[in-house]
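Residues per chain are reported as follows:
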Amino acid sequence: MDRRSEPNRSAIYATTLVAFLAIAGIAVVDPILPAIGEAIGVTAWQVELLFTAYIAVMAVGMIPATLASGRFGFKPVLVTGVSVVGLAAILASFSDNIVQLSVLRGVWGLGNAMFFATAMVVLVNLAVDREWAVGLFETALGLGFAVGPLIGGLLGQATWRLPFFVCGVFMVLALAVAARKLREPANRQAPVRVGQIFGTYRRPAFVALCVVTAAYNFVFFVVLGYTPLFLHLDVVPLGLAFTGWGLGLAAGILVIGHRLAHRIGAVQTVGVAIAGLLVCMVLFATSTGTVEALVVLVASGLCMGLANANLTDLALGLGSRDRRVATGAFNLVRWGAAAPAPIIAGKLAEHSLALPFWVGFAVLAVGVLVYLASAHLMAAGYGERVLWSRWNRAAAGAEHASEEPVGEAY
């Protein structure tokens, strides 16, 4: 398709730029976690508060952000979110203790909730070629996870404060772009009610997907939040290590994830991803050297990329027709399950360095069991079949009993 036929191309590019900076802001803290702990004299579980506060507020903030977008419009909520992130990041660079840092990371998470509750809906409503717009957005997310740790590592060797400050400056620049380039979708949608969001949990296939995603996201943030402490590397090598993880994630999203889904289906691709990640948890827990752990880190990123490439598609396909409602309900579970992972991992590490990975393995194993029991329901609701669905006649019944026909994933 000729991209010149996209009348809102500059607005779409602006949204994806802000997405890149927002994700880079999440990942920028990875290489400097040990440095922060050493500089302000806190234990492993206390420094993990930087992740837990951020994710917990982001999870809870998804609901009011979704409601606000319906009342005030997408652009005001998105621009406000970017402003909040920029201010919180700059103030975090001047913090003196873990309480101040954690509170500001929580405020940072609220800003990101405002952004992520609106960005995808803005994109798909502005774009003529939705597949192109979504691919662009996913590219921004993948590159953000790859570049964020590199920025954190390179800047963090001077001081742990510098990555926070520079991230805040980037978000101020993004704010200027967003305020000027972003456009409100032409079709104004009715306000969202809280009951609509929670009503989505009455759909069995959607609930099954949420359970699998909750287990997966718990493990995602065990890896992202705890592994920097587990590896015992200096700031720059740690930044490079997580850049490798981010490149694996980006490859899973951009190169393999959708292609594999076209061949075996999105549901079965998620199954491959969580099975591979389950193996990675065992390899992390039993690793005997840094090189082995680094290889597993990159491999885990690849598995996570496969999952991330398809989970949102599935959520939008199995949830409400209203993308705002489906996104709000899914992200509440997705980020809510992730929030306790870093701090739990930090406490467990006081007893054994491998214990957080074994607990992650146990949590993900529950997700795998739920997946095996319900994949046929998810596939039927999404218009796919899984390999073993012919052995379970409930799949056909679920397909006919679906409350709404499956539309476009985006």
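Residues numbered from 1 in each chain as written. Predicted model: local features only at pLDDT ≥ 70, side-chain atom pairs only at ≥ 80, totals over all residues. Heavy atoms only, no water.

**Q** Outline a nonpolar patch on the surface, listing residues and values.
**A** On the surface, a cluster of nonpolar side chains totalling about 460 Å² of accessible area is made up of F94, F165, V169, F170 and L173. Overall, L173 belongs to the exposed group, its relative accessible area being 51%. (Patch = residues over 30% accessible without salt bridge, like charges linked within 9 Å, V, L, I, M, F, W, Y side chains within 5 Å. Areas by Shrake-Rupley, 256 points an atom, 1.4 Å probe, with all protein chains shown as cover. Salt bridge = Lys/Arg side-chain N within 4 Å of Asp/Glu carboxyl O. Buried < 20%, exposed > 50% of the residue type's maximum accessible area, 1.4 Å probe, protein only.)

**Q** Describe the packing of helix α11 (residues 204-231) against helix α16 (residues 340-348), naming the residues involved and giving the relevant values.
**A** Between α11 and α16, the shortest axis-to-axis distance is 8 Å and the interhelical angle comes to 55 degrees. Taken together, α11 and α16 sit at an angle that is classed as oblique. The handedness of the crossing between α11 and α16 is right-handed. From α11, F218, F221, V222 and Y226 reach across to α16, where they touch P340, A341, P342, I344 and A345. A class-by-class count of the residues in the contact of α11 with α16 yields nine nonpolar, no polar and no charged. (Axes fitted to C-alpha atoms, helices over the stretch in contact; angles between N-to-C directions. Helix = DSSP H or I, 4+ residues; strand = E, 2+ residues; numbered from the N terminus. Parallel < 35°, antiparallel > 145°, perpendicular 65-115°, else oblique. Left-handed = near helix turned anticlockwise from the far one by under 90°. Contact = heavy atoms within 4.5 Å. Nonpolar A, V, L, I, M, F, W, Y, C, P; charged D, E, K, R; others polar.)

**Q** Break down the packing of helix α12 (residues 235-264) against helix α14 (residues 290-318) for me, citing the residues and quoting the values.
**A** Running from amino to carboxyl end, α12 crosses α14 at an angle of 40 degrees, the nearest separation of the two axes being 6 Å. When the axis of α12 is compared with that of α14, the two are oblique. Our pair here, α12 against α14, has a crossing hand that is right-handed. Class assignment of the residues belonging to the contact of α12 with α14 gives a composition of 15 nonpolar, ten polar and one charged.

**Q** An account of the environment of L67 is requested, with residue identities and associated values reported.
**A** Note on placement: L67 falls in helix α4 (residues 49-72). You can call L67 partly exposed: its relative accessible area is 23%. It is 35 Å that separates the C-alpha atoms of L67 and P31, two residues lying 36 residues apart in sequence. When near neighbours in sequence (up to four residues on either side) are disregarded, L67 contacts V192, R193, V194 and I197.

**Q** I'd love a proper account of empty space enclosed by the protein, names of residues and values included.
**A** According to the stated counting rule, one finds two cavities of 30 Å³ or more in the structure shown. Space inside the largest cavity adds up to approximately 490 Å³. Around the largest cavity sit 26 residues that line it, and F116, L141, T312, R334 and W335 are the ones nearest its centre. For the lining of the largest cavity, the elements supplying multiple residues, two or more each, are α1 (9-27), α4, α8 (130-156), α11, α14 and α15 (323-338). With six residues, α15 is the single largest residue contributor to the lining of the largest cavity. Partitioning the lining of the largest cavity into residue classes produces 19 nonpolar, five polar and two charged. There are two domains that each give the lining of the largest cavity at least three residues, and those are domain 1 (8-187) and domain 2 (193-388). Each pocket or cavity is described by its volume, and for the second largest cavity that value is around 70 Å³. L21, A24, G25, V28, G148, I151, P163, V166, C167, F170 and M171 together form the lining of the second largest cavity. Every element with two or more residues in the lining of the second largest cavity is listed here: α1, α8 and α9 (161-181). (1 Å grid on protein atoms, 1.4 Å probe; cavity = no way out; pocket = protein on both sides within 12 Å on 5 of 7 lines; lining within 4 Å. Points joined across faces, edges and corners; volume = space filled by probe spheres on them. Domains from an automatic or database assignment.)

Bear in mind that shape data such as this cannot, by itself, settle questions of function.
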